[in-house]
Amino acid sequence: MHIPSNRVRDIERYFHTELSGRYPEGELRMFVYMLFEAFLGWDKTQLLLHRDDTINQSDLLRFHWAAEDLKQYRPIQHIIGYTDFCGFRIRVTPDVLVPRPETEEIVAHVANHLEHLQANCTTILDLCTGSGCIAIALKNRFPTADVTAVDISPAALAIARDNAQTNHTDIHFMEMDVLKPTQLAALTSSYDLIISNPPYVMESERANMQPNVLNYDPALALFVPDNDPLRFYRAIGRYAATHLAPQGLLVLEINQVLSAETTQQLHTLGFDTRLHPDFQGNPRCISATLPACGTAE
Ligand code: GLN
């Protein structure tokens, strides 16, 4: 099936009729906006003003292939090659997890909190950085901070480095397995903020996942074994217990179904904790401090 005409309003209509069984209406509208922006550089207003215009054949073909890809549940961010995170353009490929709005919310919260405290946030460590989105957003918000970002995947680090460069941020990237204490031990500084969105989806949760996540996001960034789902929280918690600066803050994105267990894990390591809900009301983030250092925010 081909897009029947190269008139803008017909292209829009085609996406809605062809894909309505697969995606909700609101999501389809967003896809259309994102594709017109990526392929033609049009914002929503320009799209509205040009609905009776026609586009050329080669652009039309791009819309055709985008629709075919969406039928296969290829993520829109992979189709256009980027996503926007906290106002920064982040390139994504199948080597990195597509940054999620929940993570964006956590970064915004942390940045506001540190600014509100007027904390001298001079050293930041981002573990399991993936595309580098968290480190890049924080470095831009705290330009004088010394930001280190770590990942196990050289392919992810290549994307993260590229993202840091295109967003004009100076971040120190390192290849490291967070689960290996001997590797983490190479990071000898103390940090005002240690932040991470580690893999936290249990293998048994695969059955409930959408094909655009399951078939396209890297499994390495998502899954943990059912018999030890908190392995990253234990490793990061142990490291943070000895490497947070006085009044330092540990902030972790979490699996909503494991919020009680994650809290317990951090208490065992000596932290005070606080859970934060995401925009859907699910516990999505835990912040932790060591008792002598202040209160978890
Ligand atoms: N929130 C992501 C998802 O549901 C998972 C991110 C992660 O494992 N860190 O796909």
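Notes on the structure in this doc start here. (Residues numbered from 1 in each chain as written. Predicted model: local features only at pLDDT ≥ 70, side-chain atom pairs only at ≥ 80, totals over all residues. Heavy atoms only, no water.)

**Re the sheet that holds strand E6 (residues 191–196)**
Taken together, seven strands build an open sheet; the order of strands is E5-E4-E3-E6-E9-E11-E10 and the sheet is mixed. Of all the strands in the sheet, just strand E5 (172–175) and strand E10 (272–277) have a single pairing partner and so form its edges. Ignoring strand direction, the axes of neighbouring strands in this sheet form an average angle of 15°. With five bridges connecting them, E6 and strand E9 (residues 244–253) associate as parallel partners. Among the inter-strand pairings, Ile195 is bridged to a residue of E9, identified as Val251. On the sheet, helix H8 (residues 154–166) packs against strand E4 (146–151) and E5 and is oriented at approximately 175° with respect to E5. (Pairing = 2+ DSSP bridges. Helix = DSSP H or I, 4+ residues; strand = E, 2+ residues; numbered from the N terminus. Axes fitted to C-alpha atoms, helices over the stretch in contact; angles between N-to-C directions. Contact = heavy atoms within 4.5 Å.)

**Focus on the packing of helix H1 (residues 8–19) against helix H2 (residues 25–40)**
Contact geometry for H1 and H2: axes closest at 10 Å, N-to-C directions at 140°. Considering the angle they form, H1 stands oblique to H2. Here H1 and H2 pass one another in a crossing that is right-handed. Counted together, Val8, Ile11, Glu12, Phe15, His16 and Leu19 of H1 and Glu25, Leu28, Arg29, Val32, Leu35 and Phe36 of H2 form the full contact between these two elements. Of the residues assigned to the contact of H1 with H2, the class counts are eight nonpolar, one polar and three charged. (Parallel < 35°, antiparallel > 145°, perpendicular 65-115°, else oblique. Left-handed = near helix turned anticlockwise from the far one by under 90°. Nonpolar A, V, L, I, M, F, W, Y, C, P; charged D, E, K, R; others polar.)

Everything listed here is a matter of coordinates, which is why it stays silent on function.
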